[in-house]
Amino acid sequence: MLNYNNPQLVIESAKAKEGKITWRSPSNIAIIKYWGKHGIQLPRNPSISFTLENAYSETTLAYRPKDVDSSYNEISMNFIFDRNPNEQFKNKTVKFFESILDIFPFLKQFHFDITSRNSFPHSAGIASSASGMSALSLCICSLEHKYFNTLDDDAAFRQKASFVSRLGSGSACRSIYPGMALWGESPEWTGSSDLYAIPVDDTHEVFKSYHDDILIVSKGEKSVSSRAGHGLMDENIYADNRYKQAKNRLRNLKSILQQGDVEAFGKIAESEALVLHALMMSSNPPYILIKPNTLLMIEKIHHFRKEMKVPLYFSLDAGPNLHLLYPDEVKTQVQEFITSELLPHCENGQWIKDKVGRGPLQMD
Ligand code: DP6
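In this text, all values refer to a predicted model and were calculated from it rather than measured experimentally. Residue numbers restart at each chain and count upward from 1, following the sequence in its written direction. Only residues with pLDDT of at least 70 get local features here, since the model is predicted, and only at 80 or more are side-chain atom pairs given and counted; chain-wide, interface and lining totals rely on the full set of residues. With hydrogens and water excluded, all non-hydrogen atoms of the structure serve as input to the side-chain values.

Draft legend 1. The overall build of the protein chain, seen in detail. Working definition: helices are DSSP H or I runs of at least four residues, strands are E runs of at least two. Numbering for both runs from the N terminus. Counting secondary structure elements, the protein chain contains eight helices and 14 strands. The reference for a compact globule is 2.2 Å times residues^0.38; the radius of gyration itself is calculated from the C-alpha atoms. Expected size for 364 residues packed as a compact globule is a radius of gyration near 21 Å; at 21 Å, the protein chain falls within 12% of this value. Only heavy atoms matter for contacts: two residues are in contact if any of them lie within 4.5 Å across the pair. In the protein chain, the proportion of contacts linking residues at least 24 apart, taken out of those at least 6 apart, comes to 75%. Residue exposure ignores everything except the shown protein chains as possible cover, and the areas themselves are Shrake-Rupley values with a 1.4 Å probe. A total accessible area of about 16,500 Å² is found for the protein chain, and carbon and sulfur atoms account for 49% of it. Positive charges are assigned to Lys and Arg, negative charges to Asp and Glu, while His and the chain termini are left out of the count. The atom standing in for a charge is NZ when the residue is Lys, CZ when it is Arg, CG when it is Asp and CD when it is Glu. Where the 40 positive side-chain charges of the protein chain centre and where its 42 negative ones centre are 1 Å apart.

Draft legend 2. Structural context of the site of the ligand. In the vicinity of the ligand, 17 residues are found, and the nearest of them are Tyr 34, Lys 37, Ser 169, Gly 170 and Ser 171. In protein, a polar contact means a hydrogen-donor-capable atom and an acceptor-capable atom, both N or O and within 3.5 Å, with residues adjacent in sequence counting only if both atoms are side-chain atoms; elsewhere, any N or O pair within 3.5 Å suffices. Within the side chain of Ser 171, a nitrogen or oxygen atom sits 2.7 Å from an oxygen atom of the ligand. Taking Arg 174, its side chain carries an N or O atom lying 2.8 Å from an oxygen atom of the ligand. Out of a free accessible area of 460 Å², the ligand has 94% covered by protein chains. It is helix 4 (residues 226-232) that provides the largest number of residues to the shell around the ligand, a total of three residues. Counted by class, the shell around the ligand contains five nonpolar, seven polar and five charged residues. Boundaries between domains were set according to an automatic or database domain assignment. Built from parts of two domains, the shell around the ligand gets at least three residues from each of domain 1 (13-202) and domain 2 (205-352). Proximity criterion: a residue is near a molecule or strand once any of its heavy atoms comes within 4 Å of it. Each residue gets one of three labels, nonpolar for Ala, Val, Leu, Ile, Met, Phe, Trp, Tyr, Cys and Pro, charged for Asp, Glu, Lys and Arg, and polar for the others, Gly among them.

Draft legend 3. Spotlight on the layout of surface pockets. Whether a set of points on the 1 Å grid over the protein atoms alone is a cavity depends on a 1.4 Å probe fitting there but being unable to get out, while an open set qualifies as a pocket with protein on both sides within 12 Å along at least five of seven lines; lining residues are those with an atom within 4 Å of a point. Grid points are joined across faces, edges and corners, and a volume is the space filled by probe spheres set on the points. Space inside the second largest pocket adds up to approximately 480 Å³. Looking at the second largest pocket, it is lined by 20 residues, and the ones nearest its centre are Ile 40, Ser 99, Arg 166, Leu 167 and Gly 168. Elements represented by at least two residues in the lining of the second largest pocket include exactly helix 1 (87-99) and helix 3 (154-168). Here the residues of the lining of the second largest pocket sort into eleven nonpolar, four polar and five charged.

Draft legend 4. Looking closely at the environment of Met 297. By the secondary structure assignment, Met 297 is in helix 7 (residues 292-308). With a 1.4 Å probe rolled over the protein chains alone, any residue whose accessible area is under 20% of its type maximum counts as buried; one over 50% counts as exposed, and the rest are partly exposed. The buried category is assigned to Met 297, whose relative accessible area is 0%. In this structure the C-alpha to C-alpha distance between Met 297 and Glu 263, which are 34 residues apart in sequence, comes to 19 Å. Apart from residues lying up to four places away in sequence, Met 297 is in contact with Leu 215, Val 217, Leu 322, Leu 342, His 345 and Cys 346.

Draft legend 5. Here's a closer look at the sheet that holds strand 12 (residues 322-326). A pair of strands is treated as paired once DSSP finds two or more bridges between them. The strand order across the open sheet built from four strands is 11-12-10-13, with neighbouring strands paired in antiparallel fashion. If you trace the sheet from one side to the other, it starts and ends with strand 11 (313-316) and strand 13 (351-355), each paired once. Across the sheet, the axes of successive neighbouring strands diverge by a mean angle of 25 degrees, strand direction being ignored. Sheet analysis places strand 10 (residues 211-215) next to strand 13, joined by five bridges and oriented antiparallel. Along strand 13, the bridge assignment pairs Asp 212 with Asp 354. Only the stretch in contact is used when a helix axis is fitted, and all axes are lines through C-alpha atoms; the angle between N-to-C directions ranges over 0 to 180 degrees. The strands touched by helix 6 (residues 262-281) are strand 11 and strand 12; relative to strand 11, the strand with the most contacts, the crossing angle is about 30 degrees.

Draft legend 6. Local environment of the domain arrangement of the protein chain. Taken as a whole, the protein chain is organised into domain 1 (13-202) and domain 2 (205-352). For domain 1 and domain 2, the distance between their C-alpha centroids amounts to 25 Å. Each partner contributes residues to the interface: domain 1 has 33 residues there, and domain 2 has 43 residues. Accessible-area loss on putting two parts together, using a 1.4 Å probe and summing over both, is the definition of buried area adopted here. Of the roughly 3,300 Å² buried between domain 1 and domain 2, counting both surfaces, carbon and sulfur atoms make up 66%. Of all residues in domain 1, Ile 31, Lys 33 and Trp 35 give up the largest surface area on contact with domain 2, accounting jointly for 25% of the area buried on that side. Definition used for salt bridges: Asp or Glu carboxyl oxygen within 4 Å of a side-chain nitrogen of Lys or Arg. Where domain 1 meets domain 2, there are one salt bridge. With a shortest N-O distance of 3.3 Å, Arg 251 and Glu 188 are connected by a salt bridge. Summed over the shared surface of domain 1 and domain 2, the number is eleven residue pairs in polar contact (both at pLDDT 80 or more). Of all the secondary-structure elements, those providing two or more residues to the side of domain 1 that touches domain 2 are strand 1 (19-32), strand 4 (47-65) and strand 8 (180-183). Here the side of domain 1 that touches domain 2 gets five residues from one element, more than from any other, and that element is strand 1. Residues of the side of domain 1 that touches domain 2, tallied by class, amount to 19 nonpolar, eight polar and six charged.

Now the structure itself:
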């Protein structure tokens, strides 16, 4: 089993200098969903996603050697989110750094000032753990490389960044790659692993310029976090069948992606979204994250697809907002439909136009 623990990654005191590293890393939308985990952030089933372009986090990790009299056993940091100190993010990040000390022992040697922002409106109800945790993990891997010259090879760098992102938030490990990424062992996909995501490059051209327009149905805080939702899967009576279904679907998806079959692709994406929410509704205690306007828009999408014969399908994250998936060639028609039929049902008419993206970017 791959093990990145390395007690030798300690910097000679005289060589530790101050500096900063910035990464911009995108969010992603899962087509086959990760829902249910075990052990240390290991998925119960493989998942696959589109990496997005416009919805991203930009994170700067500023570091300076600790003062001689400060403790080397503690993580020291400040966390500024959207220009304001954020205690909640700080506490979460301190815990995350503590959990990866065996991999990066040098994290104890610095004080960190972390600054982060999202491109999408704060509290737009878009999951930010994938973009935020991947941006941070990329910064840490860059810091390792700067001092130890260990990650020169791009594939090795990304694999480690994906491994570390996974420990922060499962879905984050897929954001490391452009286009599509797969996380979790799946026999048909060579090199796939439960420990990190791998890039999926051999898809049909149509999927390389796919759109994902995010329609904001509600910006409210989720009543149940994803973390708690994963936990409830342990007792869900449908869990085993669900994991089997996801594995089978991933098997079928390979040829669908290669052939460019947008209808078969859309059917799977839509069913995955509905199954995810059905699992929430059949948890104990049960809970519902979709809103009346989510259902209203779903009906309109179904009607539009049937009448206009346009391959417009939807997905959902763990929340009420709709992700509209469609190929570039039907862009004009779909965006007219969104403007006239769907926007009136969005909170403050909010709509984030996104598409398959180029993956994370180092900014300095
Ligand atoms: C519904 O990755 O947010 O978006 O590992 O506990 O941080 P943690 O969970 P998280 O779960 C994401 C669930 C999902 C589906 C998916 O992205 O695959």
